[in-house]
Structures are given as C-alpha cells and as structure tokens.
Protein chains: 4
Amino acid sequence: MSERIRDLAHLSHVELLTPRFDESLSYFVDILGMEPSGESGDSVFLRAFGDYERASLKLTAAPHAGLGHLAYRTHSREALERRVAALEAAGAGGEWHDGDVGHGRAYTFRDPDGHLLELFYESERVDPPPHLRPALKNQPLRYPGRGVGVRHLDHINLLAVEPGEQREFLEPLLGLRLTEQIVLDDGSEAGVWLASNQKSYDLTYTRDATGTHGRLHHIAYFVDQREDVLRAADIFLEYGVVMESGPHKHAIQQTFFLYTWEPGGNRVEICAGGYLIFDPAHEPVVWSQAERAKGQAWGMQTVPSFHIKGSPSVPQEEELLAAH
Amino acid sequence: MSERIRDLAHLSHVELLTPRFDESLSYFVDILGMEPSGESGDSVFLRAFGDYERASLKLTAAPHAGLGHLAYRTHSREALERRVAALEAAGAGGEWHDGDVGHGRAYTFRDPDGHLLELFYESERVDPPPHLRPALKNQPLRYPGRGVGVRHLDHINLLAVEPGEQREFLEPLLGLRLTEQIVLDDGSEAGVWLASNQKSYDLTYTRDATGTHGRLHHIAYFVDQREDVLRAADIFLEYGVVMESGPHKHAIQQTFFLYTWEPGGNRVEICAGGYLIFDPAHEPVVWSQAERAKGQAWGMQTVPSFHIKGSPSVPQEEELLAAH
Amino acid sequence: MSERIRDLAHLSHVELLTPRFDESLSYFVDILGMEPSGESGDSVFLRAFGDYERASLKLTAAPHAGLGHLAYRTHSREALERRVAALEAAGAGGEWHDGDVGHGRAYTFRDPDGHLLELFYESERVDPPPHLRPALKNQPLRYPGRGVGVRHLDHINLLAVEPGEQREFLEPLLGLRLTEQIVLDDGSEAGVWLASNQKSYDLTYTRDATGTHGRLHHIAYFVDQREDVLRAADIFLEYGVVMESGPHKHAIQQTFFLYTWEPGGNRVEICAGGYLIFDPAHEPVVWSQAERAKGQAWGMQTVPSFHIKGSPSVPQEEELLAAH
Amino acid sequence: MSERIRDLAHLSHVELLTPRFDESLSYFVDILGMEPSGESGDSVFLRAFGDYERASLKLTAAPHAGLGHLAYRTHSREALERRVAALEAAGAGGEWHDGDVGHGRAYTFRDPDGHLLELFYESERVDPPPHLRPALKNQPLRYPGRGVGVRHLDHINLLAVEPGEQREFLEPLLGLRLTEQIVLDDGSEAGVWLASNQKSYDLTYTRDATGTHGRLHHIAYFVDQREDVLRAADIFLEYGVVMESGPHKHAIQQTFFLYTWEPGGNRVEICAGGYLIFDPAHEPVVWSQAERAKGQAWGMQTVPSFHIKGSPSVPQEEELLAAH
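Residues numbered from 1 in each chain as written. Chains lettered and ligands numbered in written order. Predicted model: local features only at pLDDT ≥ 70, side-chain atom pairs only at ≥ 80, totals over all residues. Heavy atoms only, no water.

### A look at the interface of chain B and chain C
Alright, step 1. Chain B puts 45 residues into the contact, and the matching count from chain C is 44 residues.
Alright, step 2. Interface of chain B and chain C: buried area, both sides summed, is about 3800 Å²; carbon and sulfur atoms make up 49% of it.
Alright, step 3. Per-residue buried area on chain B facing chain C is highest for Arg6, Asn138 and Phe278 of chain B; these three make up 18% of the total on that side.
Alright, step 4. Run the count over chain B and chain C and you get 6 salt bridges.
Alright, step 5. Along the contact surface separating chain B from chain C lie 24 residue pairs in polar contact (both at pLDDT 80 or more).
Alright, step 6. Every element with two or more residues in the side of chain B that touches chain C is listed here: β1 (8–18), β5 (66–74), α2 (77–89) and β17 (285–288) of chain B.
Alright, step 7. Counted by class, the side of chain B that touches chain C contains 17 nonpolar, 13 polar and 15 charged residues. (Contact = heavy atoms within 4.5 Å. Buried area = accessible area lost by both parts, 1.4 Å probe. Salt bridge = Lys/Arg side-chain N within 4 Å of Asp/Glu carboxyl O. Polar contact = N/O pair within 3.5 Å; in protein donor to acceptor, adjacent residues only side chain to side chain. Helix = DSSP H or I, 4+ residues; strand = E, 2+ residues; numbered from the N terminus. Nonpolar A, V, L, I, M, F, W, Y, C, P; charged D, E, K, R; others polar.)

Quick look at the structure:
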C-alpha cells in the first residue's frame, strides 16, 4: 500500500459574505478581538493574534450571507502542482488566478456540492505594526486583551446534500483524511470530518437538511482554554450576540463549543479543546445513527436550528423548523 | 462570653495617591478594565463591574505614591454610631466630615501606625449609564470584556512597624476578627489577617522592614477564576506592566495571586480563590517563623522586594535589597 | 427601622434519604470525592475537604428518596435561644433533641410546606486522621484528588406549593434575607432565594409543579473553578451518571451549574461562581414571568424535567412531563 | 530546493530508569493517573488516557535514574527503512531488534551525545479492558478522574554537552525540524527545540552544565487546561511531591509548566498550552543570550537547579549549585 498523500499544510483562510458589512466587521474586531490587516474592493482582511499569515478571514460585502471561498495552503510549490494535476486529471479542474491580499498564485475549483475551494503556496509574511507587536517573539501578533481574544482559525463546516460524495472527492484528490464520520442506518453519510494535518479536523461536511447546494454551516475560531469559551459567552451576553447552542462539549471530535450568529447571518463557533491525531494509520471513528441521536457529550440535545439553518438562509428552513 | 461585634459590613474603597496620574488612570481603566464614575478636585473615582457602590477606588494626584485612606461601610447607622463611640471612648477618636463622591457623612481616624481609616454607612446607588448597563440585572455593571476585567475590590494590605499593635487596636474597636497570623519565634506578629465578614480577610498588616510608619503594601482586585489571573499575566506582559511575583498560590489564606506595580508606584494584586469562613467561632490559624520560611504554597520563594518595598518608597528599601 | 436579625451563621448540613444506599454512598465518596466521617443507625455522615464541621451530609437508608432534614448553625448559643423563642412565640415551635453525630443540642421544626428544619450551635471539631491531614493548615481536610473533589456544601433548593409563604415565614423568624425572587404576573412567587450570610443564597424554594408538599429539588456542592464543573461533567460521563442539565450559567444568582441524579433518586448540583453580597441594605432582585421565560443566562432553555421532578418522585410528574 | 523530510510521525515512548521502582510506579499511577499496560523483565509499561499506543512510558528498575531510551514512530514501513538507510549511510547506524511490549521490529542508535534512540513503525492497538473503556469512542482510554489525569506524553528534554551538534545530526537524518533555539553570544547553541510534526516541539536538547554526556533533563506529560496544571500543583502539595519550578509560562515555546521530581530522581513536567505550527516554511525563532537572561514569560527567574540538575545525578551538580 502506498504512502498517504500529505500535500496540504492547513486550512488558511475563509471568505465570508455579509449583507451587513459594518456590523459583521465590528463583530470580528470588537467582540472577537481580531485585527484588520488589509483591504481590497468590497473586502476587509482580518487575522487573529495566533494566525501567522496575513489573513484568516476575508470579509466581503454581498447581498446575502454565505461562503465566498475557503483556501488551503500546500506544503510546497511542488505539492501545489501535484494537487492541481490530480484535480485536472480527474476532470475536476478549475483555474489559476494571480493571488489576493496575503498570498500568491492560486488555483480555484469547486467541490461536487458547488463550494469554491482554493489552493496556494506562497504566503506573505508581514511584520506587525508597532502597536500590535507581541511581547514574545514566537507569537504572530500581540494578544489583544479585547473581547474574546480568539487565537486562530480552527475549521470550517460546509453543508452538502451528500457529505459522502464530498469525502470521496477530496480524500484522493487533496489527500485530506477522514477522521470521524456519521453513517446512517441506510448507509449514507450524514457527516464527515476531514483533516489535513494533526488537528483532528479542519474541514467538515454535514448534510443540508433543506437539500440546497453550496451552503455554509459555520466557521470556527479557536481559543486556548475551555474557560475562554465560558468567558466568551459572558461577553456575547453583554453585546447581545445571539448564542444558538453551547457552551457544551461535542461527542464527535470532543470540541468544546459555543455557536453564535454574527450580524450578517453566518454562524460562527468559538471552540477549544479537541484532540490531536498522532497515529499515522488512524482509523476513522464511525458513529451510528443511534449513537448520533444521543446528543452531545454531556447529554444536551442540540437545538433544531443547528441541524437546519445555514448561510445563506433559504425558505425551506422555516418549514423544517415549524415541523419540529 | 458576649457575642462578637459585627458592625462593619465590608471594605468599601481605598484612596490611592499617584505622582503619575494619567498613567495610573490608564492602568486601572485600560488594563484592569475599571470604569471612571466620578471626579472631585485632583481625584477620579473608579469602580469595577462587580462593585455595587459608586466607587471602590479614589485615585488622587499627589507628589508621591501611597495610601490616602481606606474606608469600611458599616451595617447600619446605629452600627456606625457604636463604632465611633467605641473609638472615642478609647481615646482614639478622629473627626466627622460630610462625605465624598459616592457616600455620606463619614468618620475618619488613624490606626496606631498612622494610616487614615474611614467609616460610613450611607452609600449612593447610581444607575449605570446605558453603555454600562449589564445584561443580567443582578450585576452592578456590564462585564467590560476589556483588559483583565476585575470584579471587585478584594482587600488591602498595609505595612506597619508592629502589626500586632494594629490588631490589638482594631479587634475590639472595629470588631474585625483575626483569621490568620504569623507569629515569630520572639512572639511578635509579623503579619495579621483581619476580616469584617465571611471573606477570610479584607485588611492585612505586615511588618514594614524599613521601620517606616503609615505605608501601603498593596491593594487587591478580585477575579473569578484562577485562569483569569493567568490571562491577566498574559495581558500585563503585552502592556509591559511590571510583574513582581506570581501567578502563584499563597500558603496563608490560599489566595491565587499576581503582584504588579501600577505606573504611579503602588503595588496592585490581582487575586482569585481563597476561602470563605463559615464558622462563627473560627480560631485564627497561626503560622510560625519556620512555617513562613517555607515560601508559598507550591514552593516558590517570594522575591526579596516583596518583603521590603511599599509605597511611598523610602531610601531604606535599597539598602535592605542590597543586603540580600 | 431596626437592624436586621443575623443569628444564623450558615447552612450546616442536609440529611438525604436514599433507597439505594450503597450506590448513593459510592456516588458521594468515589465520584464527588467526599469522606465518610461517622455512622449512626442507618446513616453514614460525610464531609467535603472544605467543610469545617464533622459532616455536611447525612446519608440515610430509607424506602424512598427525599429530604430528611436540613440544619443551620447559629452564631452563638444566645442566637439559638433567640430563634427558638421567636419560633415558639409565632406558634411555629418544634422540639429540642440531644444532637447528632457532629453537633450538640438542636431544635427541629417544620416550615409551612412541611420540610423539617433544624437549628443548633455546638459543633464538633474533629482532627482529621493522618491520611486526610491537609498540607496547608488553613484547610479542613486534604484535597482528595479523587473524582470531582467538591469543596463544601453550597445550598439546598426545596420545592413548595407556595414559595412565597415559606419566605414570609423564614424572613422574620430566622432572619434569612431575600436576595432574588421570581414574581409571576399574578403576583405569586415562583421562586425565592434566601441567604443567611454573604453568599448570595443558601436556601431556595421553588414552586412544586405537582402540588405536592415537602419535597426536595436539589442539594448543591461547590467547586472553586468553572473548569472544575466542566471536568466534573467529563467524570460523570465516564461513570454513567445522569446529567440532567448543564453545565451552563443561571441568570438568577449567576451560578455556573451542572445537575445530576445520584443513584438514590435525589438531584445533586455541582456549582461554581455566583457572587457575594456585600451591601448590608441589598434590595432583592425581582425577575418577572417574562424575564424568567428567557431561559438561562446564555440562552439555553431548561429541560422540562427540571421544572417538574423532585424527590421523592410522585406520579403527577409523569403526567406533567407527557404534557410537554 | 527539495521538500522537507517528514518520515517521523511522533514521539512514541520513553524508557525511564529508577532506583526506587515501587515509589516511581506509584507516582505515575496514583498521582499522575496513568494505567499499567504490560510488564516485561524489570519493566512496567504505562499509558495515559489519551495515548493511543499501548505504552508511552517504560519504567525500568535500575541502579540509578536516567533515560533508558526514547522512541519515535515513523509514518510508514517505507519511512522507517528510509531513515535507517540515511543513518547507516552517515555512519551513524545502530541495530535492529525484534521489538518490545507494544511495538514491532525496531532500530536503535545513539545521538552524538550518547543517548539511545529508537525508530519503529508497527504499533500494537489493544482494546482497553472493560473498566478502562471510555464513554466516548474517540478516546483511547477512560478519563481516570484520579490524580492529575495526564492526557499524553508531550515531549522529552535531553541534556547534551553540545546541543547544536545533536541538532546538526538529527535534522538531516531524522527530518526533525528546528522550531526555536537559544544562540549564545559566542555562537554556540544552548538549547534547541525540535519537532516531528505540528506540535511545536517534541524533542529538546539543552546544555549540560556539568559537561556530562547522555543525561536526561525531563520528560513531560500534557494536560488540556492551564487550570489542570494548577490543580496538579494542589495535588502534588498534598502528596508531598517536590515541585522544583512553576506553575509558570515559558517564554520559549510558551508552554505552561510545572516541574516535579518523581521519587526515583527523574524530573517530570506537567504542561499545557503552547502552540501548533501550521506554517510549512516556519523559520526557527532564535533567542539571544540577553533575551534568555530575562527569565520566564511573566518574569519569574528560573531556580538554579533547573539549569544544573539532570538524571542520573552527578557530583558536579552540587559544586555548581554551591557556586550560585
């Protein structure tokens, strides 16, 4: 058996669309504690104090909420070329473009459900301005001491009509590995957790209950301590941010989570904990329909909206919620 | 045996003198996350989000650092009158004045070491302005999400040439009770911890190694979690605030502590933990000279400056430090 | 206006009835980390590492779950006599008995809803056996490092058909003070939080939805950190202990909570946080029906069983649950 | 430029020698909360609840403390063969042996300073016995709720006369990458931090102040929360375990640390925090002699023993300590 493909280094950034740009920007800057790091057209770029790249978030004014694109950085230029060649050989090719604020030449393509993905290698390193210089030189930016103080982009969860198809597409072509999975009694996959590295996941697909293609479930920013998530809840409460679910601990992946809605209509998770995968031959953990029905790790039942709503919002959501 | 005097409700506020007023103010507002709540003459009044009174700190511009005064609120008007009568009967009387920003008629007097103490009962309740209104009505102010985010004034530690004399003065006259104590081999008291209520202390006297009268060792603000103290250290690091000692856990009182120097030259502690005293007949815990020499709870030796420096600074401090 | 009565020192202990004695004992010893400290008849006495008295829990074998009695310690012998005189003058008197393991002569009586309450002053101080001796002499017992590691008994929540009547009875006769309260649109009180000291509550009454008298909602043990509650949830998960609700933060009292069912059928809370009341003239915080309907502090809706079930269990519970 | 070698998956286990075997075993089982998982000759094998392999620690009775060997697991059989070929081509070859409890065929060799290193790929997966089965299937073992409750082996720190030589040896031959480094004013390397994966280090060499070869500075076990480290200190205090330094935060690597001495004379660290390295082109962070002299992150000066003592102990240690 040949060795596993390991060409993707990590989830690099996400482009989020928002119809309420100023309020969304304030959510990420004032409440989460991120820093603006660039602008271009209708977009502002942002980074958290532990993001080593220029941006982990591209916030773009748009008529409705949702995903613009997500991007992985590869391990090398050669790794980038290999992945592009594999995509094109599979008839799943996209196109090269010249790059964006913070990174160089990039290749974009679509997953089977229609989300836009991007690969690149060349990443810009920018010295922080004096007021953002950290006291410890092994830290990208100064810890803000403002709001939640998120450390780095952790993962993205996309909705798809058939999560299993996305997995079948991405495993061989990008070398993402499946680490956990929900397999229903009919054999279909209700959720797949994929990882590019030792974090136990950075890309998740869960089933879109509305049957819509190309939607976003949430993006997640990491904090170091579970207590930081609790403190985040205290802050969201004061700011009137809608908390949909949590703080609680997921059974799957064991992430300690808190889900909020940013003002533009995208779900944003603050998370801590989870685990690293050291085993190079790690076998995916498979959860059955019955196991999934047990709720979260400590017994909390997830609210219906969590299984139904995504961005952009679609009319079927209200019908499904009413049926609960 | 007669019942214990319980006329003092709690440590209410402290007046701190600073020769670098603007920087000190920024320390309390921007770094600790407190809110200005009034002004008078050369003073600004401040409160933390959990302080129910208008002010727990009066910051006053002055030629040198140190204590202005400290104030206890009594349980009632009658309790105030009883304490004043006791002081005057003991020949330790002071004088009435009309009150200050946040409180009414008050009585000031001096402890044997010369610190200025104040008693009052009438306390002003002010509704917070809209931007400081808390989401939960059982909280005095909105949690700031800015800097350390201290909750309330916790205690004050004064330096005295003879801590035991202060205890002998305050126990019968104010009804403060001794909860922990360091008794040296020669029988003298190197430190006394006094409490007005179920918190295990709110007023401490420790021996002034320089032999000077009337100095301050530190004031302390409380945070809820030990993790909040660690996070405070991360914030102080970024702001360049001098951390003298900690985070660590005291053996005496078990407080989890971090000592800093505010820019004006007063020591300020961020603390968490400790314990409540429920026992109405609690016996003081006595630490011997040998026990005290063991250092803090987990073995850290306290730095020499902690045992020598106070505010205002005096020349003898440098001689003593040099002798170490 | 006369000064407030302050004769009760603190909630001392609770007697819990259990039809599954061995399993209940294991819950408190192995999972919560408490220590057996005495036996008598069908009862075992237990204390947590921060309980200064010989026992905070009397666990008694019985045909069904529920409250045996709860006990307050008074501030002095005189305070005990004063409260007994007040009860008897009000025609609410009970009877003296000789005491129990850990305390002396005591007076028992019933609240209007029929719960058995006890008052005493003389409390036994027992030196811990060598293997339970703490490293720090200001701590009652060694920290166990076993299971949850609860610190001390925090509060008890009784069910009553009319919580307001209990408050009207206990405020003047025991001097407990009301700190928070739910007042419904019809003016009735759905919940009252009472305090004997600076902890913001130690005795709560909430309405019994089944209309039954004399039942228990839960008892609560305190841990120092919110993280300790999260860790408790991890431990309960491994032990298969049923977690009914939480970890989450109450809006009322701001307690960070986790509710479990001990094997005998009594609800036990692990709690942290909350706040102290320093204000001697503290005004009760009143929550309206609409405010109460908003759920817990961070938006979680409480599960129906929390508002319906108590101990002992009664048949009406299932009907009410089915109606949800 | 060719792509970086990535053949090592992770630090797998450490063999520790102890002249007080039973006490050392009790330290790891009763105090740290690890589980025995096998025996062989004079050795017992142990794993923590998050270690996916059969053992992360081989504890071996021996006349003196110190390192037996350390082992890395490779990404594949081919990766193992490649590393052995590289070692042999460099004249640094060792020898194959048949494996040990928990793993298959392995290759042992020595670093230039004389420590014994091992490489292997085949790792045994053992189902936990019923009483150790976790509630969540994505966790190797049940969380113990006993003692510190360490999660997994985190890293090892070896002493070497010339740390830089070890780095020059291991970077090209094993593909470990340098992430942080202390370079003294004379250009020599006082410390090198090496990583096999996205954890920012798993193998460290620091200079042996005594000039002795082949010694161990410490091994480290990971806990999830900084609060877990503080709680560990509370537990060590009760057990009388010697805490040499901490809890505090390292400037280098930002690890939150607590150093203890296990009864056999080896230093064991409990750590949390730190950071992951996502950047595939990460540049080593270089600390100068002056920067290093500043002490730990929050200002604590490290105790002299930390820079002098290792295992096994050597007579020069006392001379150097006396010189401080």
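Okay, back to it.
### A closer look at the relation of the copies chain A and chain C
Look at the two chain copies: a rotation about an axis and a shift along it is all it takes to match them.
Alright, step 1. Overlaying chain A with chain C gives an RMSD of 0.0 Å, the required rotation being 180 degrees about an axis along which the chain moves by 0.0 Å. Such a combination of rotation and displacement between the chain copies is what one expects of a two-fold axis. When C-alpha distances to the rotation axis are compared across chain A, the minimum falls at glutamate 227 of chain A, with a value of 3.2 Å.
Alright, step 2. Most of the interface of chain A is mirrored in chain C: 100% of its interface residues are interface residues there too. (Least-squares fit on C-alpha atoms with pLDDT ≥ 70 in both.)

### Focus on the relation of the copies chain B and chain C
Alright, step 1. With an axial shift of 0.0 Å and an RMSD of 0.0 Å, the rotation relating chain B to chain C amounts to 180 degrees.
Alright, step 2. With an isologous cut-off of 70% or more, the 98% of interface residues of chain B that recur at the interface of chain C puts this contact in the isologous class.

### Points about the interface of chain A and chain C
Alright, step 1. On the side of chain C, 16 residues touch chain A, which itself brings 16 residues to the contact.
Alright, step 2. With a closest N to O distance of 2.8 Å, glutamate 227 of chain C and arginine 226 of chain A form a salt bridge.
Alright, step 3. At the surface where chain A touches chain C, the tally comes to 8 residue pairs in polar contact (both at pLDDT 80 or more).
Alright, step 4. Mapped by element, the contributors of at least two residues to the side of chain A that touches chain C are α4 (226–239) and β14 (242–249) of chain A.
Alright, step 5. In terms of residues, the side of chain A that touches chain C owes the most to one element, α4 of chain A, which gives 7 residues.
Alright, step 6. Of the residues contributing to the side of chain A that touches chain C, the split by class is 9 nonpolar, 2 polar and 5 charged.

### A look at the packing of aromatic side chains
Alright, step 1. Using the criterion set out here, one finds 36 aromatic pairs over all chains in the structure.
Alright, step 2. Through a chain of ring-to-ring contacts, the aromatic side chains of Trp96, Tyr107, Phe109 and Phe169 of chain A assemble into a single cluster.
Alright, step 3. Between arginine 105 of chain A and the ring centre of tryptophan 96 of chain A, over which it is positioned, the NZ or CZ distance is 3.7 Å.
Alright, step 4. Here the basic side chain of arginine 73 of chain C rests over the ring of tyrosine 121 of chain C, its NZ or CZ set 4.7 Å away from the ring centre. (Phe/Tyr/Trp six-rings, centres within 6.5 Å; stacked < 30°, edge-to-face > 60°. Lys NZ or Arg CZ within 6 Å of the ring centre and 35° of its normal.)

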